[in-house]
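# Summary of the model geometry
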Amino acid sequence: MAWLNLACFMECTEAEGPGRRFAIWTQGCLLRCAECCNQQFQPLRPAHIISSDELFNRICTSREENNIEGITLLGGEPFLQAAGLAQVARRTQEAGLSVMCFTGYDYSWLKSRCDFKGTRELLEHIDVLVDGPYLRNKSEQVRNWVGSTNQNFIYLTDFYTSEIETRPQIVSCEWRIGADGTITVNGYPADIPLSAPPDQS
């Protein structure tokens, strides 16, 4: 078991990858891209601390209740917590679900020069990796889920093919209004950043 520091998670979304997915945003990023849509997830500070076991149990519950087909790891920067996420990703794949991950780092750097603990193990349990930072001056108009043309889809297993990149009728942005009036937005494009749901404990 490992402990993870999450900015937030969403138990079912159709805006963060193919099909219905359990989305996990990690807290903390060293890249600190100025135009990041989730700048509040960049600081290296404690946010929502959860064990890898509890997170995986919530994923299993969502599979039963929402018929999700996989999980999506976002940030912040997932590879800063690669060791713990590798445990979750491995168990997710063993359960027959897919794993998609967005990172601001280049895949070649992660493979050859990255020294974040658990990087190799996490890469071994990702089906689709989207690499590269968001660059506003290279806006993407064709492919799903990515914000800029410099970002690459890298298929590490045969769970998906490049068909997903231009699959029609994809939900690009979701808005949720909580019972307390809190508005949560996720997906792309969105003019306001994602906010943590009011109660995830």
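Quick caveat: nothing in here was measured; it's all calculated off a predicted structure. (Residues numbered from 1 in each chain as written. Predicted model: local features only at pLDDT ≥ 70, side-chain atom pairs only at ≥ 80, totals over all residues. Heavy atoms only, no water.)

## Some points on the side chain of Ser51
Looking at the element boundaries, Ser51 is found in strand 3 (residues 48-51). Exposure remark for Ser51: the relative accessible area of 6% places this residue in the buried category. Among the polar contacts made by the side chain of Ser51, one reaches the main-chain amide nitrogen of Glu54 at a distance of 3.0 Å. (Helix = DSSP H or I, 4+ residues; strand = E, 2+ residues; numbered from the N terminus. Buried < 20%, exposed > 50% of the residue type's maximum accessible area, 1.4 Å probe, protein only. Polar contact = N/O pair within 3.5 Å; in protein donor to acceptor, adjacent residues only side chain to side chain.)

## Details of a nonpolar patch on the surface
On the surface, a cluster of nonpolar side chains totalling about 400 Å² of accessible area is made up of Met1, Trp3 and Ile49. Assignment of secondary structure puts Ile49 in strand 3. (Patch = residues over 30% accessible without salt bridge, like charges linked within 9 Å, V, L, I, M, F, W, Y side chains within 5 Å. Areas by Shrake-Rupley, 256 points an atom, 1.4 Å probe, with all protein chains shown as cover. Salt bridge = Lys/Arg side-chain N within 4 Å of Asp/Glu carboxyl O.)

## Some remarks on the sheet that holds strand 2 (residues 21-26)
One open sheet holds the seven strands; their spatial order is 3-1-2-4-5-6-7, and the pairing between them is mixed. At either margin of the open sheet sits one strand with a lone partner, and together these are strand 3 and strand 7 (152-155). Between one strand axis and the next, the sheet turns through 30° on average, direction left out of account. Examined bridge by bridge, strand 1 (residues 3-13) and strand 2 share five bridges and lie antiparallel to one another. Across the sheet, the residue bridging to Cys8 is Trp25, located in strand 2. (Pairing = 2+ DSSP bridges. Axes fitted to C-alpha atoms, helices over the stretch in contact; angles between N-to-C directions.)

## Examining the packing of helix 1 (residues 52-66) against helix 2 (residues 82-94)
For the pair helix 1 and helix 2, the least separation of the axes is 10 Å and the interaxial angle reads 35°. With respect to the hand of their crossing, helix 1 and helix 2 are arranged in right-handed fashion. Contacts between helix 1 and helix 2 involve Ser52, Asp53, Leu55, Phe56 and Ile59 on the former and, on the latter, Gly84, Gln87, Val88, Arg91 and Thr92. (Left-handed = near helix turned anticlockwise from the far one by under 90°. Contact = heavy atoms within 4.5 Å.)

## With respect to the pairing of strand 5 (residues 98-102)
Put simply, side chains in a regular strand alternate between the two faces of the sheet. Where burial is concerned, most of strand 5 is hidden: five out of the five residues are buried. Where burial is concerned, the two faces of strand 5 agree: the one with Ser98, Met100 and Phe102 and the one with Val99 and Cys101 are both buried. Pairing geometry for strand 4 (residues 70-74) and strand 5, over four bridges, is parallel. What sits directly across from Ile71, in strand 5, is Val99. Once you follow strand 4 into helix 2 and on to strand 5, the crossover reads as right-handed. Note: strand 5 against strand 6 (residues 128-131), three bridges, orientation parallel. (Right-handed = clockwise from strand over helix to strand, strands pointing away.)

## Details of the nonpolar core
Residues Ile24, Leu55, Ile59, Phe79, Leu122 and Leu129 are the most contacted members of the largest nonpolar core, which totals 30 residues. Broken down by secondary-structure element, the contributors of at least two residues to this core are strand 1, strand 2, helix 1, strand 4, helix 2, strand 5, helix 3 (107-112) and helix 4 (119-124). Ranked by residues supplied to this core, first place goes to helix 2 with five residues. Apart from residues no more than four positions distant in its own chain, Leu129 is found in contact with Phe79, Cys101, Thr103, Tyr107, Leu110, Leu123, Asn152, Phe153, Ile154 and Leu156. With 16 residues, the next largest nonpolar core counts Met100, Val130, Phe153 and Ile164 among its residues. (Core = buried A, V, L, I, M, F, W, Y, C linked by side-chain atoms within 4.5 Å.)

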